[in-house]
Amino acid sequence: MKKFLLFFLTVLTASLAAHADVTINDTNFPDANFRSYLLSEYPSGTITTAQLQARTTLEVNNKSISNMKGVEYFTELTRLSCYGNNLTTIDVSSNTKLTYLNVFSNKLTSITGLDKCTVLEQLYLHYNQLTTLSVTGHSSLRTLWVHQNPNLVFLVFIDFFQGIEKFFVSLPFQQSE
């Protein structure tokens, strides 16, 4: 009985922690520009559980953001747009409801968790520094823009062209002299 009670309390504590209010500070949101934007949206300095659950769109374009850590708290997002920043990487593993992701014109060398975003319909990754990209398993994807990634040498899209409507890609090539 003690083991069951201990197990129950552990699960309950983990569940409550996963749905707790989030303080807007440098631990949860290390990038000062991202934090500043969030403080303008949530002046109390705290994002409540209800606010996190209600937020489906986040647009932080052209704000000189270098780190999107903290976006994982917004698990209900269907639209994330953070173009025109200084991002070198982004992790969208917790943003599994995304249907629209726009991170063009950054300095992205990698994107983590894209495989978990299986309902993604529009993906804009152009004007970055990606070297590889896999969109396998994204049967909902209708738009993919990956042109102007000069280091992109490996693009995987098994079963991809079923419903694609817009596809823009340019791969680097060696010019012979």
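Rules of the game
Residues numbered from 1 in each chain as written. Predicted model: local features only at pLDDT ≥ 70, side-chain atom pairs only at ≥ 80, totals over all residues. Heavy atoms only, no water. Buried < 20%, exposed > 50% of the residue type's maximum accessible area, 1.4 Å probe, protein only. Helix = DSSP H or I, 4+ residues; strand = E, 2+ residues; numbered from the N terminus. Arc of directions from axis to C-beta. Contact = heavy atoms within 4.5 Å. Polar contact = N/O pair within 3.5 Å; in protein donor to acceptor, adjacent residues only side chain to side chain. 1 Å grid on protein atoms, 1.4 Å probe; cavity = no way out; pocket = protein on both sides within 12 Å on 5 of 7 lines; lining within 4 Å. Points joined across faces, edges and corners; volume = space filled by probe spheres on them. Nonpolar A, V, L, I, M, F, W, Y, C, P; charged D, E, K, R; others polar. Salt bridge = Lys/Arg side-chain N within 4 Å of Asp/Glu carboxyl O. Core = buried A, V, L, I, M, F, W, Y, C linked by side-chain atoms within 4.5 Å. Lys, Arg positive; Asp, Glu negative; His and termini not counted.

> Please clarify how helix 2 (residues 32–41) should be interpreted in this entry.
For an α-helix, the turn length of 3.6 residues means that residues three or four places apart are oriented alike. For helix 2, the complete set of buried residues consists of Phe 34, Arg 35, Tyr 37 and Leu 38. Seen end-on, helix 2 carries its buried residues on one side only, within an arc spanning 160°. Looking at the buried side of helix 2, the elements it contacts are strand 3 (57–59). Between the side-chain oxygen of the N-cap and the backbone nitrogen of Asn 33 there are 2.9 Å, and the N-cap of helix 2 in question is Asp 31.

> Can you walk me through the layout of surface pockets in this structure?
Taking a probe equal in size to a water molecule and rolling it over the atoms shows the remaining empty space. A volume near 150 Å³ is recorded for the second largest pocket. Together, Ser 66, Asn 67, Met 68, Lys 69, Val 71, Glu 72, Thr 89, Ile 90, Asp 91, Ser 93, Ser 94 and Thr 112 line the second largest pocket. Residues of the lining of the second largest pocket, tallied by class, amount to three nonpolar, six polar and three charged.

> What am I meant to see in the pattern of salt bridges here?
If charged atoms from side chains of opposite charge come close, those side chains can pair. Enumeration over the complete set of coordinates arrives at four salt bridges. Note that Glu 41 is salt-bridged to Arg 55, the shortest N-O span being 3.4 Å. Residue Glu 41 is found in helix 2, and its partner Arg 55 is found in the loop between helix 3 (49–54) and strand 3; the two are separated by 14 residues along the sequence. Judged by its relative accessible area of 38%, Glu 41 falls in the partly exposed class. The salt bridge partner of Lys 116 is Asp 115, with a shortest N-O separation of 3.9 Å.

> Just to check I follow, could you spell out the nonpolar core for this structure?
The nonpolar side chains of a soluble globular protein tend to be buried, and buried together. Judged by nonpolar contacts, the single largest core of 38 residues is most densely connected at Met 68, Leu 80, Ile 90 and Leu 101. When residues in this core are grouped by element, the largest group, three residues, is from helix 2. Residues in contact with Leu 101, not counting those within four places in the same chain, are Leu 80, Val 92, Ile 111, Leu 114, Leu 120, Gln 122, Leu 123 and Tyr 124.

> Got a minute to help me understand the environment of Ala 32 in this structure?
Tracing the chain through its elements places Ala 32 in helix 2. Judged by relative accessible area, Ala 32 falls into the partly exposed class, the value being 44%.

> Teacher, can you tell me more about unusual backbone geometry here?
One can expect most non-glycine residues to show negative phi and most peptide bonds to be in trans. Despite not being glycine, Ser 105 shows a phi value in the positive range, around 60°. Among the secondary structure elements, Ser 105 is positioned in the loop between strand 6 (100–102) and strand 7 (110–112). The backbone phi angle of Tyr 127 is positive, close to 60°, even though this residue is not glycine. For Tyr 127, the location among the structural elements is in the loop between strand 8 (122–124) and strand 9 (132–134).

> Sorry if this is basic, but what is going on with the side chain of Asp 31 here?
Note that Asp 31 resides in the loop between strand 1 (22–23) and helix 2. Although Asp 31 lies buried, it forms no salt bridge, and the closest oppositely charged side chain, Arg 35, sits 6.8 Å away as judged by the N-O distance. From its side chain, Asp 31 meets the backbone nitrogen of Ser 66 in a polar contact 2.8 Å long. Reaching out from Asp 31, the side chain makes a polar contact with the backbone nitrogen of Asn 67 at a distance of 3.3 Å. With near-sequence residues (within four places) excluded, Asp 31 lies in contact with Ser 64, Ile 65, Ser 66 and Asn 67.

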